[in-house]
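Coordinate inspection notes
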Amino acid sequence: VFGPIADLIARLADEGEPLSSEHWHLLDTIVHAIGSRWHEPDHGIWEVRQSRRHHVHSKVMCWQTVDRALSVAKYLGRQRFDWIALRKEIANDVLAQGWNPAIDSFSAAYGTDDADASVLAIGLSGLIDYSDTRFIKTVEHVERKLRSGPVVFRYRFDDGLPGVEGGFLLCTAWLIQALALIGRCDDSISLFQKYCQFAGPTGAFAEQYDPSTGIALGNVPQAYSHVGLIDSALTLEAVLRR
C-alpha cells in the first residue's frame, strides 16, 4: 500500500499544494522501511494462501514509492541521493527477474509462469515506458489470459482457497488504462463503456462481476471499483488530448 500513498502525496506536490512536515516524515519513514525490506518475498496484493514469493506488483509498488518520494523531495528542495540509488536497484531487479521470456510477459512473481492483472503496474506506475515492447506484450498477455468478456480476473492460478470468483472491476480498470496508454484507444473506450454499465440502480459499483451470469459479486459498494472508474476516465481524457 506504500505505492498509492506516496503517489497521492506526489500528486499534491504536482498540483502545487502545500505539504506539511508530516507529509515528509511519512515519506521518509516508508522509504526507510522499503530500503530495509523491499527484497523480501511476500503474499502479494491478493494475499494468496501460498508460500511467500517475490511478487512483481509488490516490487513495483516499492519502486513507485521511492520514485514519488524523490519527486516530492525535489518539490521541497531536498536532496536524497541514497533514494536515487535505491530506486535504480529496485527497477533493475524487477526488469531482470520479473520478465519471463517463456510467456513473453511479466509474470505474477519471479520465476513463475502465472498471469496476474496486477503486473500492469509495471507500466501504469512509470517504471517502464508505455511504448516499451515488454509492457505492450504484458498488456496483451493479461488480456489474453485473464479477460473474459467485459471484465478482467485477478488471476487464474490456485490461490489456496475454495470456490471461484468473478472478474475484478479494479483489474478491468487497469486494463482500460493500459490499452489507452499503448495506443489502443478504441479498445479502451469500448471496455470503458462496458465498465460504466456495471453501475447498479443507485450508481454504486460492486467489487466483482460474473460474466457467465451477469451477476455482481463481492463487496457493494467497493471503493476501488469507483477509483478505477475515475482513473480510467482521467487516463482516457489525457491520452485523447495528446
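All of the points below concern the structure found in this document. (Residues numbered from 1 in each chain as written. Predicted model: local features only at pLDDT ≥ 70, side-chain atom pairs only at ≥ 80, totals over all residues. Heavy atoms only, no water.)

Take the packing of aromatic side chains next. Counted under the stated rule, the structure contains 8 aromatic pairs. Where Trp 46 meets Trp 174, the ring centres are 6.2 Å apart and the plane angle is 40°; that geometry is what we call tilted. Of this pair, Trp 46 sits in the loop between helix H2 (21-37) and helix H3 (56-75) while Trp 174 sits in helix H7 (residues 169-181), and the two are 128 residues apart along the sequence. Taking the relative accessible area as the measure of exposure, Trp 46 reaches 13% and is therefore buried. For Trp 174, a relative accessible area of 15% corresponds to the buried category. Relative to Phe 198, the ring of Tyr 195 has its centre 6.1 Å away and its plane inclined at 65°; by these criteria the two rings are edge-to-face. Tyr 195 gets classed as buried once you look at its relative accessible area, which sits at 1%. Linked through ring pairs, Tyr 195, Phe 198, Phe 205 and Tyr 209 together constitute an aromatic cluster. The ring of Phe 157 carries the charged tip of Arg 53 above its face, separated from the ring centre by 5.4 Å. The ring of Phe 153 carries the charged tip of Arg 156 above its face, separated from the ring centre by 4.3 Å. (Phe/Tyr/Trp six-rings, centres within 6.5 Å; stacked < 30°, edge-to-face > 60°. Helix = DSSP H or I, 4+ residues; strand = E, 2+ residues; numbered from the N terminus. Buried < 20%, exposed > 50% of the residue type's maximum accessible area, 1.4 Å probe, protein only. Lys NZ or Arg CZ within 6 Å of the ring centre and 35° of its normal.)

To continue, consider helix H1 (residues 2-14). Given a rise of 1.5 Å per residue, 13 residues ought to cover 18 Å, and the 18 Å separating the end C-alpha atoms of H1 matches this to within 8%. Among all positions of H1, only Gly 3, Ala 6, Asp 7, Ile 9, Ala 10 and Ala 13 are buried. End-on view of H1: buried residues confined to an arc of 165°, all on one side of the axis. At its buried positions, H1 is contacted by H2 and H3. Two residues or fewer after H1 comes Gly 16, characterised by a positive phi angle close to 75°. (Expected span 1.5 Å × (residues − 1). Arc of directions from axis to C-beta. Contact = heavy atoms within 4.5 Å.)

As for its placement among the helices and strands, Ser 125 is situated in the loop between helix H5 (121-124) and helix H6 (133-146). When its relative accessible area of 5% is taken as the criterion, Ser 125 is described as buried. Within the structure, the side chain of Ser 125 is placed 2.7 Å from the backbone oxygen of Ala 121, a separation counted as a polar contact. Look past the residues within four positions of Ser 125 in its chain and what remains in contact with it is Val 60, Trp 63, Gln 64 and Arg 68. (Polar contact = N/O pair within 3.5 Å; in protein donor to acceptor, adjacent residues only side chain to side chain.)

Our next topic: unusual backbone geometry. Val 220 connects to Pro 221 through a cis peptide bond whose omega is -10°. For Pro 221, the location among the structural elements is in the loop between strand S7 (215-217) and helix H9 (223-240). A positive phi angle is found at Glu 47, which is not glycine, with a value near 55°. Note that Glu 47 resides in the loop between H2 and H3.

Along the chain, the position of Ser 58 falls in helix H3. The residues contacting Ser 58, other than those within four sequence positions of it, are Asp 42 and Gly 44.

Moving on, we come to the environment of His 32. One can find His 32 in helix H2. For the pair His 32 and Val 66, spaced 34 residues apart in sequence, the C-alpha to C-alpha distance is 9.5 Å.

Here we come to the pattern of salt bridges. Enumeration according to the criterion identifies 15 salt bridges in this entry. Notably, a salt bridge pairs Asp 7 with Arg 11, separated by 2.9 Å at the nearest N-O pair. Residue Asp 7 and its partner Arg 11 are located together in helix H1, separated by 4 residues, close to a single helical turn. Between Arg 80 and Asp 82 there is a salt bridge; the shortest N-O distance is 3.0 Å. Here Arg 80 falls in the partly exposed class, since its relative accessible area comes to 23%. For Asp 82, a relative accessible area of 43% puts it in the partly exposed group. By sharing partners, the salt bridges in this structure join Asp 7, Arg 11, Asp 67, Arg 68 and Arg 87 into a single network. (Salt bridge = Lys/Arg side-chain N within 4 Å of Asp/Glu carboxyl O.)

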